[in-house]
Amino acid sequence: MKHLHKKELIDGIVVAIFATFTLTFFAPYEMYATNVGDFWFDLWDILPGFATVSAVMFAALLIINTVTSLIPKANRYFLGIEMMITLLLYFSGNFMSVYVGELNGESINWELYSAEGMASQIGLVGLVLVVLLLIYRFTWEKFMPVARVVMVCICLVQLITMVTVSVDGRVFGSKTGYYATNVGHNEYSSGRNMNILVLDSFDARVFDDIMNEEEELIAAGKKCENRTCKEILSDFTFYKNNAGMFTLTDFAIPQIITGEKYLNQEDYGPFVEKAYFDSPLLNTLHDDGWETNIYTTVTLPQDGAREWINNWKQVDFEASNMMGLTECFYELLAFRYLPYSYKPMFEYSSDYLNVYQKAVGDEVNAEYVPRRSAASKEQNSITKDANALAGEPDAIDLNGGLVENEVFCWKNDVFYKTIPAMHVTKDKPVMHFYHIKGLHAKRDMDINMQVHDNKNLYSYNETAYACMKIIDAWLTQLKEIGVYDNSSIIIMADHGMSGYRMGGEMQSPILLIKGVDEHHDFSVDERAVSYADLQPVYLNLLSGAKSDAVFESENHERFLYSTDYIGALKSYSRNEPFYEYSIGEDAFDVTQIRRTGRVFE
């Protein structure tokens, strides 16, 4: 009996180590390491959380296995269940995970993945049956020695994987770097201004829809509740047949600013450095003595041209609540590892992690609003005023509720609430590039700029009307402070909206342009233009061209680049292959989009 107790005790220790290492240490480490570019925190920030969870789980399993080892029959049930759950989750997360798109806050249409989900479920059931058959066929006494070898082998494979994903050094690197702050956010020039407003995911098809809705109301003799799009955007030209170039913001924003396309020609970091340094727009602004401000949340260059940008400051981040961050990370991990039928219960957005992001350093204020739109579990209703959004009351200046050296927050309502504080403070020419949330999920903001909860409450069109109110207020304030006429203005999106109507490839972002001292009724230009030609557009605007004369080329073949990037759902690096698509004569027509066959790996 004593011999049996000792044997069961050893088996219990082995199974506890296997389950703990696989689920609470290897799984989060591998997900962090293979998606290191997607997380704002260092490994050292989250490692204590991994260790704490692992220690608690190991202690709990060890106690259970030790107590049950006194009753061998009960012990076998517990060990069998622990091994089975661990194997199921391991295979589910690494070999049978179903791709359900980027976890960007959009509600997941689970019916689209039912076939893959069923196949995954069948595979997991087959695994369970095989293990049960082996136990039945060979008895527990013969099965367990083999199981011990299998568990040791799996742990060795996991250790090798951990070493492999860590070799490039990024896993252990510091996330200290340059980020966009609020410096100069509301400050304009009495001389020349160039203003670019990027509303994320604002599809030209949505804009066309809401204009048609307004025209139908007017035709029916009804009055629109707010000013119409054409009234708001008088003096602008709408390039209706515009084609974007990338389906993901991380690649679209650098292309929009610099004109350079990232297609795996080198590592992403060096590419960004070179692209910004070689940008015709940034070089011209620098050479001509402009103050340049770029407000965005995507990766910025850490050397070279960053010195030309007025509002980029060196920032480090730390977790405002370590256990909260750890819990949030393990929830994301659960979404990846749980079998398909359980995933809807844990529908998740990777942005939730940003709730616990806190900027620190000599050049930034300690209080920090998360860069993206996630709401914490304790804060399901975000209806705070601008002061509360920007930080503690005693840290607020009079810059519309923004603390200058605070890291830029892309939320629509934050941008809207700071508009009344726009003012003229500069004599030198100033360029502002704002990248705000726009129509990006979660669409939780009403027409009055109130954010209600952490759900997609509103349709694309409803959110587009809210964005038009932001645009109206912004343009009106530019007029109020006397800089509208001396400003060239572009209102655009980084990409369109995937799945809109027929299920497109995000190929038709909104593009509206006004030149300096340009006045006319709202106009529509249906020439086939592309973001590939934006750099000449900028330079022509700087030279005084009007909106209908900024494109030097059009009607050439237009290309879109997309990748199967799915963030923290699988192993990912910046070297995911890009697939090239050709866009037809009408950017609205998704049936004209074709893969060219060119793949960039």
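Fair warning: this is a prediction, and the values are worked out from it, not measured in the lab.

Undergrad: Help me understand the confidence of the model for the chain in this model?
TA: A low pLDDT score tells you not to read the predicted coordinates there in detail. Per-chain confidence: the chain averages 80 in pLDDT, with 81% of residues scoring 70 or above. In this model, residues 566–574 is a region of pLDDT below 50 whose contacts with residues beyond four sequence positions or in other chains number 36 contacts.

Undergrad: Quick question: what am I supposed to make of the packing of helix α7 (residues 249–258) against helix α14 (residues 534–542) here?
TA: When two helices pack together, their arrangement is given by the angle between the helix axes and the distance between those axes. Where α7 contacts α14, the axes come no closer than 7 Å and their chain directions differ by 45 degrees. Taken together, the axes of α7 and α14 are oblique relative to one another. Two secondary-structure elements touch here, α7 through Ile256, Ile257 and Thr258 and α14 through Leu534, Gln535 and Tyr538. Among the residues making up the contact of α7 with α14, the classes are represented as four nonpolar, two polar and no charged.

Undergrad: Mind showing me how you'd approach the side chain of Asp235 here?
TA: Following the sequence through the fold, Asp235 ends up in the loop between α6 (229–232) and β4 (237–239). Buried and unpaired, Asp235 has Lys479 as its nearest opposite-charge partner, separated by 5.1 Å. Separated by 2.8 Å, the side chains of Asp235 and Tyr484 make a polar contact. Aside from chain neighbours lying at most four places away, what touches Asp235 is Tyr484, Ile513, Lys514, Glu518, His519, His520, Asp521 and Phe522.

Undergrad: Mind showing me how you'd approach α14 here?
TA: Note: α-helices contain 3.6 residues per turn, so residues at a spacing of three or four share the same orientation. With seven of its nine residues buried, α14 lies for the most part within the structure. Residues Leu534, Gln535, Val537, Tyr538, Asn540, Leu541 and Leu542 constitute the buried set of α14. The elements touched by buried residues of α14 are β3 (193–199), α7, α9 (280–287), β11 (487–492), β12 (511–514) and β14 (529–530). Looking one or two places after α14, you find Gly544, whose phi comes out positive at around 100 degrees.

Undergrad: How should I be thinking about the environment of Leu87 in this particular structure?
TA: By the secondary structure assignment, Leu87 is in helix α3 (residues 72–94). Look at Leu87 and you get buried, because its relative accessible area is 14%. With 41 residues separating them along the chain, Leu87 and Val128 place their C-alpha atoms 8.9 Å apart. Ignoring anything within four residues of it in the chain, the contact list for Leu87 reads Phe18, Leu127, Val131 and Ile154.

Undergrad: It is not clear to me how the packing of aromatic side chains should be interpreted in this structure. Could you clarify?
TA: Aromatic rings in a pair are described by how distant their centres are and how their planes are angled relative to each other. The tally for this structure, following the rule as stated, stands at 31 aromatic pairs. Aromatic side chains Phe25 and Tyr29 sit 6.5 Å apart centroid to centroid with 10 degrees between the ring planes, which places their arrangement in the stacked category. Placement of the pair is Phe25 and Tyr29 together in helix α1 (residues 2–34), with a separation of four residues, close to one helical turn. For Phe25, a relative accessible area of 24% puts it in the partly exposed group. Take Tyr29: its relative accessible area is 6%, and that puts it in the buried class. Counting every residue linked through ring pairs, the aromatic cluster contains Phe21, Phe25, Tyr29, Tyr32, Phe39, Phe41, Phe50, Phe329 and Tyr330.

What counts, and at which threshold
Each chain has its residues counted from 1, running along the sequence as written. Restriction of local features to residues with pLDDT of at least 70 applies here, the model being predicted, together with a cutoff of 80 or more for giving and counting side-chain atom pairs; totals for whole chains, interfaces and linings are based on all residues. Note that the side-chain values use all heavy atoms of the structure and ignore hydrogens as well as water. In predicted models, pLDDT denotes the confidence assigned by the predictor to each residue on a 0 to 100 scale. In what follows, a contact means two residues having at least one pair of non-hydrogen atoms within 4.5 Å. To obtain an axis, a line is fitted to C-alpha atoms, over the contacting stretch when the element is a helix, and the angle between two such axes runs from 0 to 180 degrees between their N-to-C directions. Strands are runs of DSSP state E lasting at least two residues, helices are runs of H or I lasting at least four, and both sets are numbered from the N terminus onward. Comment on the angle field: the value is read as roughly parallel under 35 degrees, roughly antiparallel over 145, roughly perpendicular from 65 to 115, and oblique elsewhere. Amino acid classes used here: Ala, Val, Leu, Ile, Met, Phe, Trp, Tyr, Cys and Pro are nonpolar; Asp, Glu, Lys and Arg are charged; the rest, including Gly, are polar. Each residue is assigned to one of three classes by its accessible area relative to the maximum for its type, calculated with a 1.4 Å probe on protein chains only: buried under 20%, partly exposed between the two thresholds, exposed over 50%. When charges are counted, neither His nor the chain ends are considered; positive counts come from Lys and Arg and negative counts from Asp and Glu. What makes a salt bridge here is a side-chain nitrogen of Lys or Arg within 4 Å of a carboxyl oxygen of Asp or Glu, nothing more. Here a polar contact means two N or O atoms within 3.5 Å. Within protein one must be a hydrogen donor candidate and the other an acceptor candidate, and residues neighboring in sequence count only if both atoms are side-chain atoms. Pairing of aromatic rings covers Phe, Tyr and the six-membered ring of Trp, with a centre-to-centre limit of 6.5 Å; geometry is then stacked below 30 degrees between planes, edge-to-face above 60, and tilted otherwise.

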